[in-house]
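Secondary and tertiary structure notes
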Amino acid sequence: MASTATSPAPPRKVNRIGLEIHAYKGNRSTLCAGCGHNAISERIIEAFYELGIEPYRVAKLSGIGCSSKSPAYFLGTSCGFNAVHGRMPSIATGTMLANRTLLALGVSGDGDTASIGIGQFVHLMRRNLPVIYIIEDNGVYGLTKGQFSATADIGSKLKTGVVNDLPPIDTCALAIQLGATYVARSFSGDKRQLLALLEGAIAHHGTSMLDVISPCVTFNDHEGSTKSYSYVKDHDEPLADISFVPFFQDITVDYAPGTATEITLHDGSRVILKKLGEDYDPTNKVEALRVLTQAHDKGEVVTGLFYVDTKRESFLDLLNVVDEPLATLPESRVRPPKTALDEIMEDLK
Amino acid sequence: MATTHVAAQEAEASVEPQQVVNDLSIQVATVNGSGSQTANMVLLRAIFQMGIPVSGKNLFPSNIAGLPTWFTIRASKQGYIARRKEVDFLVAMNPETADEDVRDIRPGSAVVYDERLNLNRLRKDLVFYPVPFDQLVAPVCPDAKLRKLVRNMIYDGVVAKLLGVEMEEIHKALQKQFRKKAKAAELNWNAAKAGYEFAEKKLPKADRFYLTRMDATRGKIIIDGNAAAALGAMFAGVTVVTWYPITPSSSLCETLIEYMKRYRIDPETKKATFAIVQAEDELAAIGMVLGAGWAGARAMTSTSGPGISLMSEFVGLGYYAEIPGVIFDIQRVGPSTGLPTRTSQGDVLSTAFLSHGDTRHPMLFPASVEECFSMAIAAFDLAEELQTPVFVMSDLDLGMNNWMADPFAYPEKPIARGKVLSKEDLERLGAFERYRDVDGDGVGYRTLPGTDHPAAGYFTRGSGHNAKAIYSERPHDYTDNMDRLARKFETARLRVPAPDIREAAGREVGIIAYGTSHWAVVEALDQLRQEHELDISYCRLRAFPFNEVVRDFVRRHRRVYVVDQNRDAQMCQLLRLDMDAQDVKKLRSILHYNGLPLDARSVTDSIVAQEEER
């Protein structure tokens, strides 16, 4: 061998479709340093990288607010649409109607969802459109400098000393009640849980609603706020220990039968919930709502996968839409022939 | 055919000079929800089948049942199909309005009425035909519950006998109306016959109005504008339809659903080549249109004034983020709920500039059902070629009334999808900049989400952006973009349907009108020529932005009357913004805003009065 040979470069780390993690990154974040939303963006990057999703297949959709700016900070080569305040659900719906082969990732905030956007939010949940809907939930309007949102807890205090005296909207309870088929809550600081929930959401076929508590370091991370890092850390009650097994991997996660529940998603991936304490059945709607209500009463933040339904038909199946994207069907399939018009005209004579 | 034509001439020649043949209007006054629509449509259709040009206007209240409603059928041998103010033949079925209905009509008119109403006490200068409806309906309709609905068919029979509508045609029209419901058709036919036989025995003809067979409707169709627009959308290849119910636009999407189920199911997979969604409100409807348009679908919604207002924010995003979409506005009387079941052209100005900031939108103005069809197709092509929301401005009169028309022509041109770059294009080009004006027409190239190329993705936003679609708050990026959008609007000026111009010899006076005003204007032009020796040029606008031809039209005339069916001379205001300074003062207005379709006499009177004042 020639003595001039240099040592080979270390092999680049790539995912199952040969892409480096770099291919899943976006622009540099312009949000505040330490913002929980940035941590969520990082988990999104990891989840799509690990599952080996082609970025061109993803449509990133958002409304208005700090949260809604974040799609610029991940999956930089995917198409994105930063719409108007509270109206991302309708944009997501139109997008998926036009092209059902896309993977829609909607990012919203608590103001964008629970106040101005509550009307479109509830109807999106009813339809079970295949879309991942993430609420980056900090209980406060960051971009307009710290007004309460409708997910702020009673008694939560603003920096200015104003105390919230209206009850919060629990977006998870609402989503479950309305028909979403994958509903979870997590915490931006819980890397492992959030990643597993995101991966499960990507594999799920239907509406996945993830409410992610994401403290606002600037306007809502002080004492008295129930959405601060310290409050959530102290009051977080994980429902179960969650593992996600992608469809392309053998199941090697060890779990003891009888202490874990396994849910098979549409593409064959599995979500495994290891029990912590009491048994929890994520296919039981009533139980999910009970757990959420009880947690509110106790002032706790329960995190985890509350509810999964892998059987309900998605909106696109209900509409019986062709398998190919409607957007690019050729003229021969969207313009009926002249004989059709002649027939209609004859009937109107 | 020649034989029919000769027969018609003979019939006309044999009648007395004072007789009025094939030129009359029938008004039927009933109660909403009494099933009179069927009776009225059958009568209209029977006259149409006799080859007589006919039009029908339904004047209905915002109510499901119980309030007064009027239906006017106009038969006109000259082919005029605008509303006519004068009633010649009244069918008074509604006790609540009967007295007023009778007081309003001209001397010499005829009244068919329910004998219990004793209307003949009201005037001496009318011809009265009392009909014992209850007595007649009982034997033909044993089921008392159905009598209210069947009762109306009796007046069809009475009117048929009195005016000369052929019963065979009534029968044919009934068959068409009820299609597969043979029992209902039979029941109604018996009622019509009972009316006819009663009139034959008891009502000697005493008025001067007659209908006789002509040959002026051969090959024609009858359709309402909303159904025509729905057909246009289907043949335009629409793939995503979102809507929220609102009078008078609901029937557009409802009809579209029926046609799409029949003609747009993939024969192999039995799956739909479309998605139609009833949205939670108009905000969601337009949001879905923009989402779908962004992702490459031919997307549309239909609405009316209040919906247009709700769509305002999103439409601004559509304009600025440059997303195609088609919005049908079936205009009604506003503001607010206004008169929701009455017609208007009241959204012209607000739609032209809909949304905040500097926005302008192309609008198409169909005047006929043929144009509802052809402009629907044109709108989808324009929206994708210009990458912007495009509005089709119909109105209640056009959308919900039945119109006679020539059969629609199958689109000759292939569907135009505009500047969309495919994966192969990107492989050749290497990269693209979404908002770069490569061709100088203000329209950039776009990619669709899901295009398998690393350079395909871009970020769409309502916030400031540069030619590369990257966020920017730089002053020159913003102005460059806005100037390009203005350039694009100049391109739109050349691409939208050109006006239809009929030039008079003198070029002294002109009329500009649009939409349904057209039918009143063409009749008024004849009246002005025949009664006042005024020969007037006519420019029918078919779109906004105005084409250069419109400016030229105003330049070469001394006075130009702009006809608007709204209070604020909305189209006239838009024209003023676009005219040379010296031409602005030439523009005068003819305004009509009482909720009724415009009639020719109003136009004629207004022009004569303004010409005399001069």
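Residues numbered from 1 in each chain as written. Chains lettered and ligands numbered in written order. Predicted model: local features only at pLDDT ≥ 70, side-chain atom pairs only at ≥ 80, totals over all residues. Heavy atoms only, no water.

With respect to the packing of helix H12 (residues 338-348) of chain A against helix H9 (residues 250-263) of chain B
Going by this rule: To obtain an axis, a line is fitted to C-alpha atoms, over the contacting stretch when the element is a helix, and the angle between two such axes runs from 0 to 180 degrees between their N-to-C directions. Numbered from the N terminus, helices here are DSSP runs of H or I no shorter than four residues, and strands are runs of E no shorter than two. Angle categories: roughly parallel below 35 degrees, roughly antiparallel above 145, roughly perpendicular from 65 to 115, and oblique for all the rest. Here is the rule for handedness: rotate from the far helix to the near one, and if that takes an anticlockwise turn smaller than a right angle the crossing is left-handed, while a clockwise turn gives right-handed. When checking whether two residues touch, look at their non-hydrogen atoms; a contact exists if any pair is within 4.5 Å. All amino acids are sorted into three groups, where Ala, Val, Leu, Ile, Met, Phe, Trp, Tyr, Cys and Pro are nonpolar, Asp, Glu, Lys and Arg are charged, and the leftover types, Gly among them, are polar.
At their nearest, the axes of H12(A) and H9(B) sit 12 Å apart, and the two run at 130° to each other. By the criterion of interaxial angle, the relationship of H12(A) to H9(B) is oblique. Where H12(A) crosses over H9(B), the handedness of that crossing is right-handed. Residue-level inspection shows Ala340(A), Glu343(A), Ile344(A) and Leu348(A) of H12(A) in contact with H9(B), the latter providing Tyr259(B), Arg262(B) and Tyr263(B). Per-class residue counts for the contact of H12(A) with H9(B) are five nonpolar, no polar and two charged.

Structural notes on the pairing of strand S11 (residues 275-278) of chain B
Residues and elements named next belong to chain B. For clarity, the threshold we go by: If DSSP finds at least two bridges between two strands, the strands pair. Look down the strands so they point away from you; if going from the first strand over the helix to the second traces a clockwise path, that crossover is right-handed.
With four bridges connecting them, strand S10 (residues 240-243) and S11 associate as parallel partners. Counterpart to Val 241 in the pairing with S11 is Ile 276. The β-α-β motif built from S10, the intervening H9 and the parallel element S11 has right-handed crossover chirality.

A closer look at the domain arrangement of chain B
All names here are of chain B. Convention followed: As annotated, the domain borders come from an automatic or database domain assignment. A quick way to say it: buried area is the sum, across both parts, of accessible area lost when two parts are put together, with a 1.4 Å probe. Salt bridges are defined by distance alone: a side-chain nitrogen of Lys or Arg within 4 Å of a carboxyl oxygen of Asp or Glu.
By the assigned domains, chain B splits into domain 1 (2-218), domain 2 (223-405), domain 3 (423-495) and domain 4 (500-613). Here domain 2 and domain 4 share an interface that buries about 2000 Å² over both sides, 61% of which is from carbon and sulfur atoms. For the domain 2 face of the interface with domain 4, the top three residues by lost area are Gln 345, Leu 349 and Phe 365, together amounting to 32%. At the junction of domain 2 with domain 4, the criterion picks out two salt bridges.

Quick word on helix H19 (residues 548-555) of chain B
In plain terms, the rule: Here the term buried applies to any residue with accessible area under 20% of the maximum for its type, exposed to any over 50%, and partly exposed to those in between, with areas from a 1.4 Å probe on protein chains only. Here the arc refers to the set of directions running from the helix axis out to each C-beta atom.
Three or more residues of H19(B) are buried, namely Val550(B), Arg551(B), Phe553(B) and Val554(B). Considered in projection along H19(B), the buried side chains sweep an arc of 155° and stay on one side of the axis.

Let's talk about the layout of surface pockets
Selection criterion: Buriedness of a pocket was judged along seven lines, with at least five required to meet protein on both sides within 12 Å; pockets are open sets of points on a 1 Å grid over the protein atoms alone, cavities are sets where a 1.4 Å probe fits but cannot get out, and lining residues have an atom within 4 Å of a point. Grid points are joined across faces, edges and corners, and a volume is the space filled by probe spheres set on the points.
Taken as a whole, the largest pocket encloses approximately 1100 Å³ of empty space. Looking at the largest pocket, it is lined by 39 residues, and the ones nearest its centre are Leu348(A), Met41(B), Gln177(B), Asp224(B) and Asn402(B). Across the lining of the largest pocket, the residue classes break down as 13 nonpolar, 17 polar and nine charged. When residues of the lining of the largest pocket are assigned to domains, at least three map to each of domain 1 (2-218) and domain 2 (223-405) of chain B. For the second largest pocket, the calculated volume is near 750 Å³. For the second largest pocket, the lining is made up of 29 residues, of which Asn27(A), Ala72(A), Phe459(B), Arg461(B) and Tyr471(B) are closest to its centre. Sorting the residues of the lining of the second largest pocket by element identifies helix H2 (66-69) of chain A together with strand S18 (459-461) of chain B as the ones contributing at least two each. Class assignment of the residues belonging to the lining of the second largest pocket gives a composition of 12 nonpolar, 11 polar and six charged.

Digging into the sheet that holds strand S21 (residues 537-541) of chain B
Residues and elements named next belong to chain B. Spatially, five strands are ordered S19-S21-S20-S23-S24 in an open sheet, and the strand pairing comes out mixed. Unpaired on one side and paired on the other, strand S19 (500-502) and strand S24 (587-591) mark the two borders of the sheet. Strand-to-strand, the axes of this sheet are offset by a mean angle of 20°, without reference to chain direction. For strand S20 (residues 509-514) and S21, the ladder comprises five bridges, and the chain directions are parallel. Within the sheet, the bridge partner assigned to Ile 512 lies in S21 and is Cys 539.

With respect to the confidence of the model for chain B
Note the cut-off: The predictor's confidence in any single residue is recorded as pLDDT, a number from 0 to 100.
For chain B, the mean per-residue pLDDT works out to 95, and 97% of the residues sit at or above 70. The low-confidence segment residues 1-17 of chain B, where pLDDT is below 50, has 10 contacts with residues more than four positions distant or belonging to other chains.

A few points about the interface of chain B and chain A
Condition: A 3.5 Å cut-off defines polar contacts: any pair of N or O atoms within that distance qualifies, except that in protein one atom must be a possible hydrogen donor and the other a possible acceptor, and neighbouring residues in sequence count only when both atoms are side-chain atoms.
At the interface, 73 residues of chain B touch 55 residues of chain A. With both sides pooled, the region where chain B packs onto chain A buries about 5200 Å², and carbon together with sulfur makes up 64% of that total. The largest share of the area that chain B buries against chain A comes from Glu280(B), Tyr410(B) and Phe459(B), three residues that together contribute 12% of it. In this structure, the connection of chain B to chain A is made through five salt bridges. On the surface where chain B and chain A come into contact, there are 24 residue pairs in polar contact (both at pLDDT 80 or more). Ranked by residue count, the leading element in the side of chain B that touches chain A is helix H10 (residues 282-294) of chain B, at eight residues. Taken together, the residues that form the side of chain B that touches chain A break down as 43 nonpolar, 14 polar and 16 charged. Relative to S18(B), strand S2 (residues 79-82) of chain A runs parallel, the two being bridged by three bridges. By the bridge assignment, Gly80(A) is partnered in S18(B) with Phe459(B).

Observations concerning helix H5 (residues 147-163) of chain B
Residues spaced three or four apart along an α-helix point in a common direction, a consequence of the helix completing one turn every 3.6 residues. All names here are of chain B. This is how it is decided: Multiply 1.5 Å by the residue count of a helix minus one, and that product is the helix's expected span.
Look at H5: 25 Å from first C-alpha to last across 17 residues, which is about the 24 Å you get at 1.5 Å a residue. Burial within H5 is extensive, with 13 of its 17 residues counted as buried. Positive phi shows up at Gly 164, right after H5, with a value of about 100°.

So, the packing of helix H5 (residues 118-127) of chain A against helix H6 (residues 171-178) of chain A
All names here are of chain A. It is the contact of H5 with H6, at a shortest axis distance of 8 Å, that shows an interaxial angle of 45°. Overall, the two elements H5 and H6 adopt an arrangement that is oblique. Crossing of H5 over H6 shows right-handed handedness. Contact residues: Ile 118, Phe 121, Val 122, Met 125 and Arg 126 in H5; Thr 171, Leu 174, Ala 175 and Leu 178 in H6.

Looking at the sheet that holds strand S2 (residues 23-31) of chain B
Residue and element names in this part refer to chain B. As summarised here, the arrangement of the six strands in space is S3-S4-S2-S5-S6-S7, forming an open sheet in which the pairing is mixed. Edge positions in the open sheet fall to strand S3 (54-59) and strand S7 (127-131), since each of these has one partner strand only. Each strand axis lies, on average, 15° off the axis of its neighbour in the sheet, ignoring direction. The sheet contact formed by S3 and strand S4 (residues 68-76) spans six bridges and is antiparallel. The residue bridging Ser 55 from the neighbouring strand is Arg 74, located in S4. Strand contacts of helix H2 (residues 36-49): S2, S3 and S4, with the helix running at about 0° to S4, the strand carrying the most contacts.

Details of the pairing of strand S4 (residues 131-137) of chain A
All names here are of chain A. For S4, a buried count of seven out of seven residues is recorded, marking the element as mostly surrounded by other parts of the structure. Burial along S4 is two-sided: Val 131, Tyr 133, Ile 135 and Asp 137 and Ile 132, Ile 134 and Glu 136, pointing in opposite directions, are all buried. Sheet topology places strand S3 (residues 103-109) next to S4; five bridges connect them, and they run parallel. Within S4, the position partnered with Ser 108 by the bridge is Ile 135. Inspection of the sheet shows S4 paired to strand S8 (residues 207-213) by seven bridges, in the parallel sense. Bridged to Asp 137 within S8 is Ile 213.

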